[in-house]
Structures are given as C-alpha cells and as structure tokens.
There are 2 protein chains.
Amino acid sequence: MSEQQRPPRRVTLKDVAKRAGVSHQTVSRAINDKGEIDPETRRRVLEAARQLNYRPSRFARGLVSPGATTLGLVVSDVENPFFPELIAGVIEAAEERGWQVLISSTQNHSGREPDVIRTLAAQADVVIGYLSAPDDTLAAAAGGLPLVVMGRAVGEPAFGAVEVDTDAGVRAAVAYLVARGHRAIGMIDCGDDGQPDRRPAFVAAMAAHDLTVTDDLIAEAELTVEGGAAAFTHLRTTRPDVTAVFTFNDMLALGVYRAARRLDVRIPDDCAVIGFDGLPLGELIDPPLSSVALDKRRMGAIAVAEAARLLAGEPAGRAVLPVELVIRGSA
Amino acid sequence: MSEQQRPPRRVTLKDVAKRAGVSHQTVSRAINDKGEIDPETRRRVLEAARQLNYRPSRFARGLVSPGATTLGLVVSDVENPFFPELIAGVIEAAEERGWQVLISSTQNHSGREPDVIRTLAAQADVVIGYLSAPDDTLAAAAGGLPLVVMGRAVGEPAFGAVEVDTDAGVRAAVAYLVARGHRAIGMIDCGDDGQPDRRPAFVAAMAAHDLTVTDDLIAEAELTVEGGAAAFTHLRTTRPDVTAVFTFNDMLALGVYRAARRLDVRIPDDCAVIGFDGLPLGELIDPPLSSVALDKRRMGAIAVAEAARLLAGEPAGRAVLPVELVIRGSA
DNA sequence: TTGTATGCGTTATCAG
DNA sequence: CTGATAACGCATACAA
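All figures in this text were calculated on a predicted structure; none of them were measured in a lab.

A.B. asks: When you look at the protein's contact with DNA strand C in this model, what are you seeing that I'm missing?
C.D. replies: Residues in close proximity to DNA strand C total 28 residues, the closest being Thr26(A), Thr41(A), Leu13(B), Tyr54(B) and Arg61(B). A share of 62% of the atoms of DNA strand C within 4 Å of the protein falls on sugar and phosphate groups. With respect to DNA strand C, the backbone of Leu13(B) contributes an N or O atom lying 2.7 Å from a phosphate oxygen. With respect to DNA strand C, the side chain of His24(B) contributes an N or O atom lying 3.2 Å from a base oxygen. Taken together, the elements giving at least two residues each to the surface near DNA strand C come down to helix H2 (24-31) and helix H4 (58-64) of chain A together with helix H2 (24-31) and helix H4 (58-64) of chain B. Within the surface near DNA strand C, the residues separate by chemical class into ten nonpolar, eleven polar and seven charged.

And the structure:
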C-alpha cells in the first residue's frame, strides 16, 4: 500500500523569483519578513508565491540553520490507557523546549521496536520510549542516536533511563493489606512482555512479613481485561482462601472486577484488590480501584529532560520515578 | 525554558573522511552500504564513523532525495479518552504508507490552533486535526499547506474533511428512547468549544416525534465529568419528570452517573442515559453505557487517506463517518 | 533596496 | 574500487 506519487518537482524560490521578476534572494527576504525590502516588491513577491503555492523546503532550511529539535517517541500501544498521560507529558515537556514530537507505536509487538527506532532515527535527534527489547538490541537499532528508556532499568551506560520505584510501591501495597489483616494474598501477574520486576518485588514484600508466596498464589494472565478475569477465576478456584489480590496493573484489576461479578465475589469484602499504574479510570469504577500509582505525565517530562541532557552531551542519568499507594475503595 | 545548547558543529561526512583517509564520497558509500567498495575500506570508514559518533544529517539527506512524508497531527487533549483511538488510527494508517507522524496538542485551548498549525507546518508535508477554529483562521495558519479537518463540516474548499453523521446518530438515539416510552427527554449539552451540531440535531430529532424541546430540558455543562454531574443535578431539579437524558458525550454521561449515585437515581430505571462517542470505558462502568458510537480509529484512517489525496493534488473530499447507536445497559 | 556568490551535508554522476 | 564535481533549496554575507 506504499503509494508514492511522482512529485511534479517542487516550486522553489527561483520559480517564485522568476515569476515576480526579482532575484531569489529578494524572495527569501519577502518570505521571511526581513526588513530591507520595498513594500511593493514584497507584495508582488508574496503574491507570486501564493499563486505558485510555494512552500519552503524544510530540508533546505534545516540544512542552512538548525531548526527545531525533533524528539522521537515510541510507545507500545496508544490505546492502552497507560500511555495517553505519558504521551501528554512528553508533548508538553517537548513543547516547553520548542521541540517537536514524532510519535510511533509498536502496536504491542515488542519485536518491532528495533525497526521503529531505526525509522525514527532517520528523522529524530533523540528517541525516548517505553521499550522492552534488550539493551544491546536497542543499542544496535539506535546506532549512536541518544536514547532514553522509560519504565525499567537499563544496563547500557549510553542510555538515559527513567526507572520506576516498583519495590517501594509494592512494599507499600503489601504492607497495607497485611495491616488490614490479610495473609493469603495472591498476585495476578502477566506472562512476559511486561516489566519482569513486579513479581519479585511482590514476593520480597511478602517475605518481609514472613509470608511465603507459593506458586499457586500467583496466576499468570494475558495482558487484557479478559486475561485478568480468567486469571482471577483460576486463582479463586485453586486458592479459595485468598482474601486479597495484587495485580500486575490496573487493566488486569479490571478483569478481576469482571470475574468477581460473575463469581459473585464482593470487592473489597470478599476479596480486596490493589492494582498498579493508577489509571484515571480506576476512579470511575465501583468500587474505585486502589492502586500503586505512577505519575505517568511526570515520567514523560523526566524522559524529555533526560533527552535534553544527552543532547547537550552530558552523561546519561538514571532518574527514578517515585510511586504512591493510592487507597480508594477496593482495598 | 527554551534552552538551546550551542551545537558543537556537527560531525560531517568530511570529518569521517579525513579520519579514515578517504574521500567523503567513499564514506557515503560505506554508510549507505553501496556495493562498490572494498570491504577493508568500508570497515575502516565505519570504524571512523563510530569513533566520531557520526550521524547523517536528515536535512541534507532530505534535500538530495525526498524522504518519508511527514504528517502533522493536531489534537486538543491527548488525555481525553476520545483521542487515543483516533491517534492510533492515524498512526497506523500513516505507517501503512510509510509516513511519519508529528503530533501536537492544543491542550484544550482552541485559541492555540493557529500557532500549533504554523509550527507543524514548518516540519510537516500535510496536517490533519480535530480543529475547531474558523475556516479562515485555519487557512491563514496553514498558509497553503494541505489540511484535513476531522469531526466537523468545513466550508473552505481547499480543506479535506471527515465529518460525522451526527444527525443520524442522534435521531437513532431519540427514536430508541421514544420507542421505549420516554417522552420527557433531557439533554446535557456542552457550553461552547465543542461541536455545535449536537444540540440542534437533538431538537430536530425530538421534533420528528412531535416532542418539543423547551429550554429547561437542556442543561449546559462544562466539558468534564464533574460538569456533567452538576448539569444533571440541575436538570433533575428543574425537571424532575425527565426519564431519560442524552448527553453531549460519554464524559458528561459519566458525570450523570456520578450525580445519579449521589441523588439516588437509578440508571436506567429512574433515568435512562445515552451518551455520544462510544468510548471503550463505557463498557467498564455499571450499568454499561449506551452511546452513539463513532469509530474513531476509522476516522483517523480516513483523514490520512484524505491527506494522501490532497498531497497527490487531487481535489479535497468530504468523507462522512457513519455512527452507530450502541445499546448497552443504561438505556 | 536589490542582486551575486557561497556554503550547509548528502547523494549521484562520471571520470580515473 | 575510488575520487572529483555537481546538484538539492535556502539563507546570509557582501557587493552594487
């Protein structure tokens, strides 16, 4: 479907110049509103430009004088409610610096990350992304282009990173549940593809309370609402004694809600639920979802700041995004 | 906050050439993997390039041979759940054509549209957007750049447009409510800023059933969840006989839900609700929200197709996006 | 006020 | 296989 229409040759400054009967330099003056030009000449030139539908070449301009910095942004799925806030944060931070944002999505196929990065690299000065490919794969794709990874730790020293303080968040969630008397706490984890640090963080947090997490306390779910529902149903079958669940993220928690309704399990009375991410939609459901909340907007802003550092030639940094346990109605 | 770091002069082909002891042309060959080059020379050049951290200038490249088409996308608020799907549709459609997407947001300030468009125009080959500024304002900002407007009708013949079949949707919604026995049907409208066609469509649809819409049947709301709640509370006070409401969009419907809970009004028993937009989150709430649904993803795809037409020099088109009344639990 | 000449970094053409 | 040389479209000294 890659249609390329033969460009009927651009209209250039010279074309306008010829039409207006002046030199291309004069046209440049008129177009860019430089002072030193006769108003009448200017009018004529502008008119000629309009007639020819002249538009300056951004390439030629960029070549002559560095234009705005362009930042490439890679996300995995624009429709996943996790990302809009992140994207908004990036766009705003970029705009504050006068940067432009080139966005692209891997459409939930992390294998496409290298490709997407390579494509972006051709047009962007720096790339930031919520990336899950291994460091060396990313490095190869970026090929020297400054890169900032959000949402996880990175090993590659050249990359900037905005990590998430998962441990602290999960610890707070577990501590809260334990304080409320829960002992049999399950987790709905996601298969792969996602951050692999949530589960160990959960296990460690439980251990801190002398609670052992046996395998049957963890149900793996596909990363969709229905996946969460299925996992909870499964968990509820194998471990009917579970009185609370921590989910990999809010989307899976939504699945828990759905399954709970089917199973006639009341939240939070029969089973407490704590999610992860702190999506705004958690407030809309009933009961409102408690969650380990991330300031995704801020994550985006930090990533942009990190990108600016890299661009300035400063050494890559490792920012850590704090998290906050937000207790609403579900736990 | 507009920091510009002094670019320490780019590393160019010539720098690499000097370092590798070859001509800049040979470097070009090595970089672009052209065949005609000695493997050893190539290795040396690539090594030099790596050491210097050389990266080709997209401007110079673009100047010499037209690179990928860049599409500018303007939305008013990335976090508004209406847009992510639209954006996803645009990104996917663009990618299918090998285009790149430059995104920017007016951050709910429609007055910024001209500025945003002007900025985008410097880097994009065509711009599409969910725009509410008057046609002539947009035309001035675009300055000859091909422009596609989504979500409303346009007068300017040069613009592409993706309109929404609001009338049909509202007609279906009202017909449905009337068929269910409702007579006193209210509307939660939004002040300004939004599409101004929803309200007249409602009035007309009601008239088709010999129902007159008096002013007290319409409550104006600020375009937020709380705004919707306040408006419903007001409507419910002035017209307690109302048994159904049509809301300007789903977000306002969410507000109706919130207010209904406070007022102890049951949905749909005490009052039926039909929203507009068909946001996915409508499925998550209880009862699931009935809505006049738009295929936002498709809207984006159509807009991109329209952009391609304009770029190809074809005359601007007027696509109409069909809508669908989706009945879930709230009506 | 206007025109001429130069260079920005690449790629392409055409010699060597 | 490699190296000059010429565009690409524009902006900016500098000259007229």
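A.B. asks: Quick question: what am I supposed to make of the protein's contact with DNA strand D here?
C.D. replies: Near DNA strand D there are 25 residues, and of these Gln25(A), Tyr54(A), Thr26(B), Arg29(B) and Thr41(B) occur at the shortest range. Each atom of DNA strand D within 4 Å of the protein was assigned to sugar, phosphate or base; sugar and phosphate come to 58%. Residue Thr26(B) places a side-chain N or O atom 2.4 Å away from a phosphate oxygen belonging to DNA strand D. Elements that contribute at least two residues to the surface near DNA strand D include exactly H2 and H4 of chain A together with H2 and H4 of chain B. Sort the elements by how many residues they give to the surface near DNA strand D and H2(B) lands first, with four residues. Looking at the surface near DNA strand D residue by residue, the class counts come to nine nonpolar, eleven polar and five charged.

A.B. asks: What's the story with the sheet that holds strand S7 (residues 218-221) of chain B in this structure? I'm lost.
C.D. replies: In a beta sheet, neighbouring strands pair by backbone hydrogen bonds and run either parallel or antiparallel. All names here are of chain B. Spatially, S7-S6-S8-S9-S10-S12 is the arrangement adopted by the six strands of the open sheet, whose pairing is mixed. The sheet terminates laterally at S7 and strand S12 (323-326), the two strands that pair on one side only. Direction aside, the axes of adjacent strands within the sheet are offset by 20° on average. Note that strand S6 (residues 185-190) and strand S8 (residues 244-247) share four bridges and pair parallel. Looking at S8, one finds that Ile-188 is bridged to Thr-247. Running at roughly 170° to strand S9 (residues 272-277), helix H8 (residues 166-179) makes contact with S6, S8, S9, strand S10 (290-294) and S12 of the sheet. Of the strands in this sheet, S6, S7, S8, S9 and S10 are in contact with helix H11 (residues 250-263), which crosses S9 at around 155°.

A.B. asks: What should I look at first to understand the interface of chain A and chain B in this one?
C.D. replies: Many analyses report the size of an interface as the accessible area lost when the parts associate. Taken together, the contact pairs 52 residues of chain A with 52 residues of chain B. Approximately 4800 Å² of surface area, both sides summed, lies buried where chain A meets chain B, with 53% of it carried by carbon and sulfur atoms. Summed over the three residues of chain A that lose the most area to chain B, namely Arg58(A), Phe59(A) and Leu284(A), the buried surface amounts to 15% of that side. Counting across the interface, chain A meets chain B through six salt bridges. Linking Arg297(A) and Glu79(B) is a salt bridge whose minimum nitrogen-to-oxygen distance equals 1.8 Å. Counting every contact that joins chain A to chain B gives twelve residue pairs in polar contact (both at pLDDT 80 or more). Elements with a minimum of two residues in the side of chain A that touches chain B: H4, helix H5 (83-96), strand S2 (100-105), helix H6 (113-121), helix H11 (250-263) and helix H12 (296-311) of chain A. Here the side of chain A that touches chain B takes eight residues from H5(A), the largest share from any one element. Here three bridges tie S2(A) to strand S2 (residues 100-105) of chain B, and the two strands are oriented antiparallel to one another. Within S2(B), the residue paired with Ile103(A) across the bridge is Val101(B).

A.B. asks: In this structure, what is going on with the packing of H2(B) against helix H3 (residues 39-52) of chain B? I would like to understand it.
C.D. replies: Describing two packed helices takes the angle between their axes plus the distance from one axis to the other. All names here are of chain B. Orientation of H2 relative to H3, taken along the N-to-C sense of each, is 90°, at an axis distance of 9 Å. What the angle tells us is that H2 and H3 run roughly perpendicular. On the side of H2, the interface is formed by Thr-26, Val-27, Ala-30 and Ile-31, while H3 contributes Thr-41, Arg-42, Val-45, Leu-46 and Ala-49. Of the residues that constitute the contact of H2 with H3, the class distribution is six nonpolar, two polar and one charged.

A.B. asks: Would you mind going over the packing of aromatic side chains with me for this structure?
C.D. replies: The description of two aromatic rings rests on the distance between their centres and on the angle between their planes. Enumeration over the complete set of coordinates arrives at ten aromatic pairs over all chains. Consider the rings of Phe83(A) and Tyr130(A), whose centres lie 5.4 Å apart with planes at 85°: the pair is edge-to-face. Taken together, the residues Phe83(A) in helix H5 and Tyr130(A) in the loop between strand S3 (126-129) and helix H7 (135-142) connect sequence positions 47 residues apart. Comparing Phe83(A) with Tyr130(A), the two get one shared label, buried. Between Phe202(B) and Phe246(B), the aromatic rings sit 5.9 Å apart at their centres with planes inclined by 20°, giving stacked as the arrangement. Of the two residues, Phe202(B) sits in helix H9 (residues 198-207) while Phe246(B) sits in strand S8, which places them 44 residues apart along the sequence. Take Phe202(B) and Phe246(B): they sit in the same class, and that class is buried. Grouped by ring-pair contacts, the aromatic residues Phe82(A), Phe83(A) and Tyr130(A) constitute a single cluster. Above the ring of Trp99(A), the side-chain terminus of Arg97(A) is found at 5.8 Å from the ring centroid. For Arg198(A), the ring lying beneath its charged end belongs to Phe276(A), and the centroid distance is 4.0 Å.

A.B. asks: Explanation requested: the pattern of salt bridges in the structure shown.
C.D. replies: Oppositely charged side chains can pair when the atoms bearing their charge come close. All names here are of chain A. Counting across every chain of the model gives 39 salt bridges over all chains. A salt bridge links Glu-220 to Arg-199; the shortest N-O distance between them is 3.1 Å. One end of the pair, Glu-220, is in strand S7 (residues 218-221); the other, Arg-199, is in helix H9 (residues 198-207), with 21 residues separating them in the sequence. Judged by relative accessible area, Glu-220 falls into the partly exposed class, the value being 47%.

How each quantity is defined
Residues numbered from 1 in each chain as written. Chains lettered and ligands numbered in written order. Predicted model: local features only at pLDDT ≥ 70, side-chain atom pairs only at ≥ 80, totals over all residues. Heavy atoms only, no water. Near = heavy atom within 4 Å. Polar contact = N/O pair within 3.5 Å; in protein donor to acceptor, adjacent residues only side chain to side chain. Helix = DSSP H or I, 4+ residues; strand = E, 2+ residues; numbered from the N terminus. Nonpolar A, V, L, I, M, F, W, Y, C, P; charged D, E, K, R; others polar. Pairing = 2+ DSSP bridges. Axes fitted to C-alpha atoms, helices over the stretch in contact; angles between N-to-C directions. Contact = heavy atoms within 4.5 Å. Buried area = accessible area lost by both parts, 1.4 Å probe. Salt bridge = Lys/Arg side-chain N within 4 Å of Asp/Glu carboxyl O. Parallel < 35°, antiparallel > 145°, perpendicular 65-115°, else oblique. Phe/Tyr/Trp six-rings, centres within 6.5 Å; stacked < 30°, edge-to-face > 60°. Buried < 20%, exposed > 50% of the residue type's maximum accessible area, 1.4 Å probe, protein only. Lys NZ or Arg CZ within 6 Å of the ring centre and 35° of its normal.

Taken by themselves, the reported measurements are silent on function.
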